[in-house]
Amino acid sequence: MKKISFSLRLYFFLSFLIDPIYFVYQYISVWRGKENLARFSERWVNKKIKRPSGKLIWFHAASVGETLSVIPLIEKLLKEDHQVNILITSTTMTSAQIFEKKPFCRVIHQMAPHDTFFVSKRFLTHWKPDLAIRVESEIWPRILLELKKNNTPNFLFNARFSKKTLLKIQQQAKSSAFLLSLFDCIHVQESSTKKILSKVGVAVQKISVTGSLKDSRGKLPVDKNELKKFKKVIGSQKVWLAASTHPGEDEVILAAHKKIGGILLIAPRHIERATQIAKLSRSLGFNTQLRSEEPDIKAETTVYIADTMGEMGLWYSLTLVVFIGGSLVEKGG
């Protein structure tokens, strides 16, 4: 194992003490609508849900994109091995809703545990995963260290780091090398990432360039009846889509829509922002509709906010012109 830096030693020390802060922070997140109170206990390990007998593979993904990217892999594992069970954890309410809407046999979804000493211990003691797989850049030091102590095989799939993160990895080479050495295998999307990781001290034999998991996904599902209903109302009007928008982009998009005309579909990256976007849109004089309040589009609607989960295939099918969110802010769209 690589030498540990002072900053990581400090992090591990604080992980013994920080539970009360996480507890308060989580309640604030519930109050702000970013956490589901009904699933509050899952962050601390909900022992009411029993570990299934047999093999258990634990996947951890951050949000919707990462969660969707591993679904084809999970489906393949379940099909090829009828004895395997899957535990998937994620950090956002929207990613949790994917499994609430479409439950899978032999798949359990839980909210991600807090990265503290006591919670990590409790999580691994309860679930006892036979294999742990983290997706993209979800690197939490304490749980990684505890997995290593338990001799649990631990993989990083679809590893992707922003330019800012890669620069940070190089600047904090000692900490980065230690954390990444805790993985048994790292699958990166590009050869350039492999070069940087090997330069900071990650063993080359651990790193494989495998491309993006997202490329293995099939076409997004579309409800043909919904598509037919929308097209009937829209008729020959021009339609364009702003997909996965972030704060700071909606103002620009709505200003552009003033010039373009027709119908604008907005699918925000985080659906809890929908009412805020609707308020902004109405203040600019647009006839605005929220899908969660009125599902069927009206003839007079000029801005339609798609604040539901699992329907991106429908929104893409309604237009030939799409703006990808994150392009106007530092999110890499």
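Novice: In this structure, what is going on with the overall build of the protein? I would like to understand it.
Specialist: Along its length, the protein carries 13 helices and 12 strands. A compact globule built from 333 residues should have a C-alpha radius of gyration of about 20 Å, and the protein, at 22 Å, falls within 12% of that. Taking all 333 residues of the protein together, the buried fraction comes to 49%. If you take every contact in the protein between residues at least 6 apart in sequence, the share linking residues at least 24 apart comes to 65%. Looking at the protein as shown, the accessible area adds up to about 17,400 Å², and 58% of this sits on carbon and sulfur atoms. Considering the protein, the positive charge centre built from 51 side chains and the negative charge centre built from 29 side chains are found 5 Å apart.

Novice: I'm lost on the sheet that holds strand β4 (residues 131-135) in this one. Help?
Specialist: Strand-to-strand pairing in sheets goes through backbone hydrogen bonds, with the strands running parallel or antiparallel. Strand order in the open sheet formed by 7 strands is β3-β2-β1-β4-β5-β6-β7, with parallel pairing between adjacent strands. The outermost strands of the open sheet, each flanked by one partner alone, are β3 (107-111) and β7 (207-209). Across the sheet, the mean angle from the axis of one strand to that of its neighbour is 20°, orientation sign disregarded. Alignment of strand β6 (residues 185-188) against β7, held across 3 bridges, turns out to be parallel. What sits directly across from His187, in β7, is Ser208. Along the sheet, helix α3 (residues 64-80) contacts β1 (56-60), β2 (85-90), β3, β4 and β5 (154-159); its crossing angle with β2, the most-contacted strand, is approximately 175°. Those strands touched by helix α4 (residues 93-101) are β2 and β3, and its axis lies near 160° from that of β3.

Novice: Got a minute to help me understand the packing of aromatic side chains in this structure?
Specialist: Counted by the stated rule, this structure contains 15 aromatic pairs. Each ring, one from Phe16 and one from Phe118, has its centre 6.3 Å from the other, and the planes form 90°; the classification is edge-to-face. Placement of Phe16 in the loop between α1 (6-14) and α2 (19-31) and of Phe118 in helix α5 (residues 117-127) is noted, with a sequence separation of 102 residues between them. Ring pairs connect the aromatic residues Phe23, Tyr27, Phe40 and Trp44, which therefore count as one cluster. Residue placement shows Lys258 over the ring face of Phe286; its charged tip is 5.0 Å from the ring centre.

Novice: Explanation requested: a nonpolar patch on the surface in the structure shown.
Specialist: A contiguous nonpolar surface patch, about 730 Å² in accessible area, is contributed by Phe6, Leu10, Phe13, Leu14, Phe16, Leu17 and Phe118. Within the fold, Phe13 resides in helix α1.

Novice: Is there a simple way to explain the packing of α1 against helix α8 (residues 173-181) in this structure?
Specialist: Each pair of packed helices gets described by two things: the angle between the helix axes and the distance between those axes. It is the contact of α1 with α8, at a shortest axis distance of 8 Å, that shows an interaxial angle of 55°. Considering their axes alone, α1 and α8 lie oblique with respect to each other. Note on element contacts: α8 touches α1 through Ser175, Phe178 and Leu179, opposite Ser7, Leu8 and Phe12. When the residues that make up the contact of α1 with α8 are grouped by side-chain class, the tally is 4 nonpolar, 2 polar and no charged.

Novice: Please clarify how the environment of Ala299 should be interpreted in this entry.
Specialist: Counting through the fold element by element, Ala299 comes out in the loop between β10 (288-290) and β11 (303-305). Linking Ala299 and His257, residues 42 residues apart in sequence, is a C-alpha distance of 17 Å. In this structure Ala299 touches Val233 and Gln237, once residues within four positions along its chain are discounted.

Novice: I would appreciate a short explanation of helix α11 (residues 250-260) in the present structure.
Specialist: Each turn of an α-helix holds 3.6 residues, which means side chains three or four residues apart point in the same direction. The set of residues buried in α11 consists of Asp250, Ile253, Leu254 and His257. End-on view of α11: buried residues confined to an arc of 95°, all on one side of the axis. Pointing more than 90 degrees away from the buried face of α11 are the exposed residues Lys258 and Lys259. Summarising the contacts, the buried residues of α11 are in contact with β8 (239-245), β9 (263-268), α12 (274-283), β11 and β12 (322-324). Once α11 ends, the next one or two residues include Gly261, with phi positive near 80°.

Novice: Looking at this structure, how should I read the pairing of β6?
Specialist: Looking along a regular strand, one sees side chains alternate from face to face of the sheet. Where β5 meets β6, 3 bridges bridge the pair, whose relative direction is parallel. Residue pairing in the sheet places Leu156 in a bridge with Ile186 of β6.

Novice: Any chance you could explain the nonpolar core here in plain terms?
Specialist: Nonpolar side chains in soluble globular proteins tend to be buried together. Judged by nonpolar contacts, the single largest core of 38 residues is most densely connected at Trp58, Phe123, Phe178, Ile186 and Leu197. Of all hydrophobic cores here, the second largest spans 22 residues; its members include Ile98, Phe104, Ile133 and Ile271.

Conventions used here
- Residues numbered from 1 in each chain as written.
- Predicted model: local features only at pLDDT ≥ 70, side-chain atom pairs only at ≥ 80, totals over all residues.
- Heavy atoms only, no water.
- Helix = DSSP H or I, 4+ residues; strand = E, 2+ residues; numbered from the N terminus.
- Rg over C-alpha atoms; globule rule 2.2 N^0.38 Å.
- Buried < 20%, exposed > 50% of the residue type's maximum accessible area, 1.4 Å probe, protein only.
- Contact = heavy atoms within 4.5 Å.
- Areas by Shrake-Rupley, 256 points an atom, 1.4 Å probe, with all protein chains shown as cover.
- Lys, Arg positive; Asp, Glu negative; His and termini not counted.
- Charge placed at Lys NZ, Arg CZ, Asp CG, Glu CD.
- Pairing = 2+ DSSP bridges.
- Axes fitted to C-alpha atoms, helices over the stretch in contact; angles between N-to-C directions.
- Phe/Tyr/Trp six-rings, centres within 6.5 Å; stacked < 30°, edge-to-face > 60°.
- Lys NZ or Arg CZ within 6 Å of the ring centre and 35° of its normal.
- Patch = residues over 30% accessible without salt bridge, like charges linked within 9 Å, V, L, I, M, F, W, Y side chains within 5 Å.
- Salt bridge = Lys/Arg side-chain N within 4 Å of Asp/Glu carboxyl O.
- Parallel < 35°, antiparallel > 145°, perpendicular 65-115°, else oblique.
- Nonpolar A, V, L, I, M, F, W, Y, C, P; charged D, E, K, R; others polar.
- Arc of directions from axis to C-beta.
- Core = buried A, V, L, I, M, F, W, Y, C linked by side-chain atoms within 4.5 Å.

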